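Observations on chain architecture
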Amino acid sequence: MIQFDGEIPSKLSQIGLSIFAVMSKLANDHGALNLSQGFPNFPISEKLISRVNHFMQQGFNQYAPMPGIKPLREIISEKVFNSHQLRYDAEEEITITAGATQALYTAITAFIREGDEVIIFEPAYDSYAPAVKACGGMVKYASLASPDFKINWPLVRQMVTNSTRMIIINSPHNPTGSLLNANDLVELERLTRQTDILVLSDEVYEHLIFEGKTHESVCRYPELASRSLVVASFGKTFHATGWKVGYILAPARLTKEFRKLHQFIVFAVNTPIQYAIAEYLQDKENYEQLGSFYQKKRDIFLENIKNSRFKVVPSYGTYFQLLDYSEISDLPEMEFAKQLVVDHGIAAVPVAAFYNQQNNQRLLRFCFAKTDETLIKAGEILCRI
Ligand code: PMP
Ligand code: GLN
């Protein structure tokens, strides 16, 4: 091994490998069924693959324009308008990114300075807090309490100070599958009115929503949208998490600042995939039935675990299902998750990993973006525990 002997004042001294990488590796090492990291284990659309191939063959293999190819930005503008009746300008308000992670990181880096405070709701997706800390920002954690993981708005109001620069929201919510409702968005609009607070809205699971519920995008609230950056991911929408293509919507002034960083972080995003997605998005059927597709997956999973000792926490969106194992074990979540992999051959994510401080609600997150066969097999294992 090559040795570096100097000092390393780490920017992220508390941070190790992400829980998703840890659990997936553990699952692979033990040959376990992997319902931990969120990714589908079924094929993506042949048509979409053949369009990427087509554009590669046609020579679309060089740098795309920095903000993304225009046809893709135009069709996104159309799609968002049709869904939420808000028009984003393709030229100045939409930027294609290397997945949602890069959009989130760049957005945080563009606006958060030393000493700024950012409010994050816990349990929270793992990439938000490290990005804030890497910029010298301070994270303020607001708890979403089980069983329904709703925002406690009076508490959030108390957390806002003159240093609050950003509030990060995520609906449908990873890991809980809970949704923000219209009242939440109105509360947020009220709370941020006449402040300089920005809202970073992670909406990567916008189409994965069940039981006829509505996705309350910040785009539906024009006043809120005027201070918001909205993040989306084609990885979720087209089952292609490995493609790492997404986008961010924001008013022109915010987009301008975002792009100052974006051009030096990735510069531009995969060209042939952008062309293929621009075409594929023309047909609404390619994304409109995603909710019912994943609702069926959720229901197959639930049907197959109904005779188990795990208790179900309702999931209304995303491709995640929380299960409560309090009738089975008192072990801390990480230990129980390891035991599931090693002794029973199934991997899930401990919900404690989505919190800043250790806790044990005896909850695990299972990803049901899996073939029916995998879900049935998972059910068989969970029913034996
Ligand atoms: N936000 C949330 C809530 C996620 O669950 C994920 C990934 N699964 C991302 C962002 C990152 O998306 P991407 O893979 O497009 O970077
Ligand atoms: N977002 C995915 C999840 O929640 C994982 C992405 C990653 O591995 N960073 O499982």
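Now for a description of the structure that goes with this document.

Procedures and definitions
Residues numbered from 1 in each chain as written. Chains lettered and ligands numbered in written order. Predicted model: local features only at pLDDT ≥ 70, side-chain atom pairs only at ≥ 80, totals over all residues. Heavy atoms only, no water. Pairing = 2+ DSSP bridges. Helix = DSSP H or I, 4+ residues; strand = E, 2+ residues; numbered from the N terminus. Axes fitted to C-alpha atoms, helices over the stretch in contact; angles between N-to-C directions. Contact = heavy atoms within 4.5 Å. Core = buried A, V, L, I, M, F, W, Y, C linked by side-chain atoms within 4.5 Å. Buried < 20%, exposed > 50% of the residue type's maximum accessible area, 1.4 Å probe, protein only. Disulfide = S-S within 2.5 Å. Near = heavy atom within 4 Å. Areas by Shrake-Rupley, 256 points an atom, 1.4 Å probe, with all protein chains shown as cover. 1 Å grid on protein atoms, 1.4 Å probe; cavity = no way out; pocket = protein on both sides within 12 Å on 5 of 7 lines; lining within 4 Å. Sits in = over half its atoms within 2 Å of the grid points. Nonpolar A, V, L, I, M, F, W, Y, C, P; charged D, E, K, R; others polar. Points joined across faces, edges and corners; volume = space filled by probe spheres on them. Polar contact = N/O pair within 3.5 Å; in protein donor to acceptor, adjacent residues only side chain to side chain. Right-handed = clockwise from strand over helix to strand, strands pointing away.

**What about the sheet that holds strand β6 (residues 198–202)?**
Sheets are built from strands that pair by backbone hydrogen bonding, the pairs being arranged parallel or antiparallel. As summarised here, the arrangement of the seven strands in space is β2-β8-β7-β6-β5-β3-β4, forming an open sheet in which the pairing is mixed. Each having just a single partner strand, β2 (94–97) and β4 (138–143) make up the two edges of the open sheet. Each neighbouring strand pair of the sheet contributes to a mean axis angle of 20°, computed without reference to strand direction. Against the sheet, helix α7 (residues 182–192) contacts β5 (164–170) and β6, and its axis sits at roughly 175° relative to β5.

**Things to note about the sheet that holds strand β9 (residues 311–313)**
Ordered in space as β9-β10-β13-β12, the four strands form an open sheet in which the pairing is antiparallel. Each having just a single partner strand, β9 and β12 (349–350) make up the two edges of the open sheet. Both strand β10 (residues 320–324) and strand β13 (residues 363–367) contribute to a ladder of five bridges, which runs antiparallel. For Leu322, the partnering residue across the bridge sits in β13 and is Arg365.

**Re the nonpolar core**
The nonpolar side chains of a soluble globular protein tend to be buried with one another. Ranked by size, the top nonpolar core spans 68 residues in total, and within it Ile108, Leu200, Tyr294, Phe301, Tyr319, Phe366 and Leu382 carry the most contacts. A total of seven residues in this core trace back to one element, the largest contributor, which is helix α4 (residues 99–111). Membership of the second largest hydrophobic core comes to 56 residues, among which are Leu72, Phe149, Ala276 and Val351.

**A short note on the state of the cysteines**
Scanning the model with the defined rule gives zero disulfides in all. Not part of a disulfide, Cys367 finds its nearest cysteine sulfur in Cys383, a span of 19 Å. By relative accessible area, which is 1% here, Cys367 ends up buried.

**Observations concerning the site of ligand 2**
The immediate surroundings of ligand 2 are formed by Phe20, Gln37, Gly38, Tyr125, Asn174, Lys236, Phe320 and Arg365. Calculation on ligand 2 without its partners gives an accessible area of 300 Å², and the protein chains cover 79% of this total. At a threshold of 2 Å from the grid points, most atoms of ligand 2 map onto the second largest pocket. Residue composition of the shell around ligand 2, by class: three nonpolar, three polar and two charged.

**Regarding the layout of surface pockets**
Volume-wise, the largest pocket comes out at about 820 Å³. In terms of lining residues, the largest pocket is bounded by 30 residues, among which Gln14, Ile15, Ala352, Ala353 and Tyr355 are the most central. Sorting the residues of the lining of the largest pocket by element identifies α1 (19–29), β3 (117–122), α5 (128–134) and α14 (333–344) as the ones contributing at least two each. If one sorts the elements of the lining of the largest pocket by residue count, α5 sits on top with four residues. Taken as a whole, the second largest pocket spans an internal volume of roughly 480 Å³.

**Side note on the site of ligand 1**
The local shell around ligand 1 holds 14 residues, among which Thr101, Asp202, Tyr205, Lys236 and Lys244 are the closest. Within the backbone of Ala100, a nitrogen or oxygen atom sits 2.8 Å from an oxygen atom of ligand 1. Protein burial of ligand 1: of its 400 Å² of free accessible surface, 93% is covered by the chains. Assessed atom by atom at 2 Å from the grid points, ligand 1 resides in the second largest pocket. No other element matches α4, which puts four residues into the shell around ligand 1. Split by residue class, the shell around ligand 1 holds six nonpolar, five polar and three charged.

**Quick notes on the pairing of β5**
Taken across its seven residues, β5 has six buried, putting it largely inside the fold. As judged from the four bridges shared by β3 and β5, these two strands associate in the parallel manner. When the bridges of β5 are listed, Ile119 appears paired with Ile167. Taken together, the five bridges between β5 and β6 define a ladder with parallel strand orientation. Note that in β6 the partner of Ile169 across the bridge is Ser201. On the question of chirality, the crossover connecting β5 to the parallel β6 by way of α7 is right-handed.

**Focus on the environment of Asn41**
As for its position among the elements, Asn41 is in the loop between β1 (33–34) and α2 (46–57). Placed 302 residues apart in sequence, Asn41 and Asp343 show a C-alpha to C-alpha distance of 23 Å. Filtering out sequence-adjacent residues up to four positions away, Asn41 remains in contact with Ala369, Lys370, Thr371 and Thr374. In this structure the side chain of Asn41 is engaged in a polar contact, spanning 2.8 Å, whose partner is the backbone nitrogen of Thr371.

**Brief notes about empty space enclosed by the protein**
Applying the stated rule across the entire model yields one cavity of 30 Å³ or more. Considering only enclosed or pocket space, the largest cavity measures out at about 140 Å³ in volume. Along the walls of the largest cavity sit 17 residues, with Leu144, Ile151, Asn170, His173 and Leu180 positioned nearest its centre. No other element matches β5, which puts three residues into the lining of the largest cavity. Taken together, the residues of the lining of the largest cavity sort by class into 10 nonpolar, four polar and three charged.

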